[in-house]
Every structure is written in C-alpha cells, then in structure tokens.
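Each chain, written out:
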Amino acid sequence: MIENFERLKKNVKILLVDDDLDYIQVTAFFLKSKGYNVDIATNGIDAVEKIKKGNVHIVLLDYYMPGLTGEDVVSKIREFNNKIIIILQTGFSGQQPPEDTLMRLDIQNYHDKSDGVDKLLLQVMSAIRIFNQQNEIMLSKYKVNAIFIENKKLTDIGSALIL
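Everything numeric here is computed off the predicted structure, so don't read it as measured data.

A. Summary view of the side chain of Gln 123. You can see Gln 123 is positioned in helix α6 (residues 117–162). Residue classification places Gln 123 among the buried positions, given a relative accessible area of 8%. A polar side-chain atom of Gln 123 sits 3.3 Å from a polar atom in the side chain of His 111. The contact partners of Gln 123, leaving out residues within four places of it in the chain, are Ile 87, Asn 109, Tyr 110 and His 111.

B. Seen up close, the pairing of strand β4 (residues 85–90). The buried fraction of β4 amounts to 6 of the 6 residues, a majority that puts the element mostly inside the structure. Side-chain alternation along β4 places Ile 85, Ile 87 and Gln 89 on one buried face and Ile 86, Leu 88 and Thr 90 on a second face that is also buried. In this fold, the crossover linking strand β3 (residues 58–62) to β4 by way of helix α4 (residues 70–80) has right-handed handedness. In terms of strand pairing, β4 meets strand β5 (residues 109–112) through 4 bridges, oriented parallel. When the bridges of β5 are listed, Leu 88 appears paired with Tyr 110.

C. Spotlight on the pattern of salt bridges. Across all of its chains, the model carries 4 salt bridges by this definition. Close ionic contact of Lys 113 with Asp 18 constitutes a salt bridge, the shortest N to O distance being 2.4 Å. With Lys 113 in the loop between β5 and α6 and Asp 18 in the loop between β1 (13–17) and α2 (21–33), this residue pair connects regions lying 95 residues apart in the sequence. Look at Lys 113 and you get buried, because its relative accessible area is 17%. Here Asp 18 falls in the buried class, since its relative accessible area comes to 0%. Overlapping salt bridges bring together Asp 18, Asp 62 and Lys 113 as one network.

D. Quick look at the environment of Val 12. Residue placement: Val 12 occurs in the loop between α1 (2–11) and β1. Through-space distance from the C-alpha of Val 12 to that of Asn 55 is 8.3 Å; in sequence the pair is 43 residues apart. Those residues in contact with Val 12 that lie beyond four places of it in its chain are Asn 37, His 57, Ile 58, Ile 128 and Phe 131.

E. Examining unusual backbone geometry more closely. In this model, Asn 55 sits at a positive phi of 65°, which is unusual for a non-glycine residue. Of note, Asn 55 is situated in the loop between α3 (44–52) and β3. Here Asn 55 falls in the exposed class, since its relative accessible area comes to 53%.

F. Representation of the packing of aromatic side chains in the model. Inspection of every chain in the model, using the stated rule, returns 1 aromatic pair. Both rings, one in Tyr 63 and one in Tyr 64, keep their centres 4.8 Å apart while their planes meet at 80°; by these two values the pair is edge-to-face. Residue Tyr 63 is classed as buried on the basis of its relative accessible area, which comes to 10%. On the basis of relative accessible area, Tyr 64 is assigned to the partly exposed category, the value being 35%. Over the aromatic face of Tyr 23 sits the side chain of Lys 113, whose NZ or CZ is 4.4 Å from the ring centroid.

About the cut-offs
Residue numbers here run from 1 along each chain, matching the order of that chain's written sequence. Only residues with pLDDT of 70 or above have their local features reported here, since the model is predicted, and side-chain atom pairs are shown and tallied only from 80 upward, although totals for entire chains, interfaces and linings are computed over all residues. The side-chain figures draw on all heavy atoms in the structure; neither hydrogens nor water molecules are used. The numbering of helices and of strands both runs from the N terminus, where a helix is a DSSP run of H or I of at least 4 residues and a strand a run of E of at least 2. Note on exposure labels: buried denotes an accessible area under 20% of the residue type's maximum, exposed denotes more than 50%, and partly exposed covers the range between, all computed with a 1.4 Å probe on protein chains only. Contacts described as polar in this section are N or O atom pairs within 3.5 Å, which, within protein, must combine one atom able to donate a hydrogen with one able to accept it, while residues neighboring in sequence count only if both atoms come from side chains. The contact definition used throughout considers only heavy atoms, calling two residues in contact when any of these lie within 4.5 Å. By the criterion used throughout, a crossover qualifies as right-handed when its path from the first strand across the helix to the second strand runs clockwise, the strands pointing away from the viewer. Strands were regarded as paired on the criterion that DSSP finds at least two bridges between them. The salt bridge criterion pairs a side-chain nitrogen of Lys or Arg with a carboxyl oxygen of Asp or Glu, the two atoms within 4 Å. To pair, rings of Phe, Tyr and Trp, with the six-membered ring standing in for Trp, must have centres within 6.5 Å; the planes then decide the type, stacked if under 30 degrees apart, edge-to-face if over 60, and tilted in the middle. Only when the NZ atom of a Lys or the CZ atom of an Arg is both within 6 Å of the ring centre and within 35 degrees of the ring normal do we say a charge sits over the ring.

Right, here's the structure in full:
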C-alpha cells in the first residue's frame, strides 16, 4: 500500500497557485522534497492555461489574489474540467470562504496557510487518495461497459447461429 502511494504521488501532478512568491517557493520546495510532482503558477490566468493544457490533477489555489480571485479561477476551471481536485487556500486566518461557495464551486477542501505545511501535506495526501479512487471507479465503469458490449456481441452471434 505504501509503495502504491509512493508511485501515485510521483504520477499525480499538483499545481500550486499563489501570488506570494515566498509562499510558492517554500511550499513547492517542501512538497517536492516529500516526492510530490509540483508545478507553479503565480496568477489565475497562468493557472487556467496550465490546467487547459492537461495533466494537472490537484490544484492548491490561493483564494485572495489580484486579478482573478481564487473563486474566479475555480469558475473558469469548472467550465471545462469538473473532475480536478481543488483545495482553496488563504493566509488570512479566519477568512475562510463561505460554505455555500465551497459547495457551489465543487471545491474538495480548504486550507488555512497559518495551519502550516504539515496540515497541507495531510490534505494533499487525502486528495491523492481521492484522485486514485476516482480513477478506479472510472476503470471499473469501463470494464463493466466492455463486458456488457462483449456479452451483447456473444448474444447476437448466438442468436444468428440459432437462426
């Protein structure tokens, strides 16, 4: 199980989005030192473009940014990707986005930066497990569909042989 998670965390791409360059450097360094695959964006427009190009699975997104806010970025992402896992972050303790905003935008988690990187690490680990479960569900659906199609073909062949 641990080996599986180690493999997963290297293959899951995390996009860290924040306008605070010091926070980005420290957090990206920390996550990379733990073996995570991390890319960065310093504004919402760059983040949306990187996500559109694909291969981003988890977004750690600052809520209060100039230009496009975290809420604006999530709205744009949800226009073309409703599967990506998003964790909103803020450095303003006690200024958590309202619960209805988190629900409306389908945001999976919220992180108060003042809680530190250890708590963020737990949230990232949880997000990777969610990502893995989503993939296992999709794979199971694909397999069931393939079995259904194959059974239909066999039934059609059997019916033709009887005639």
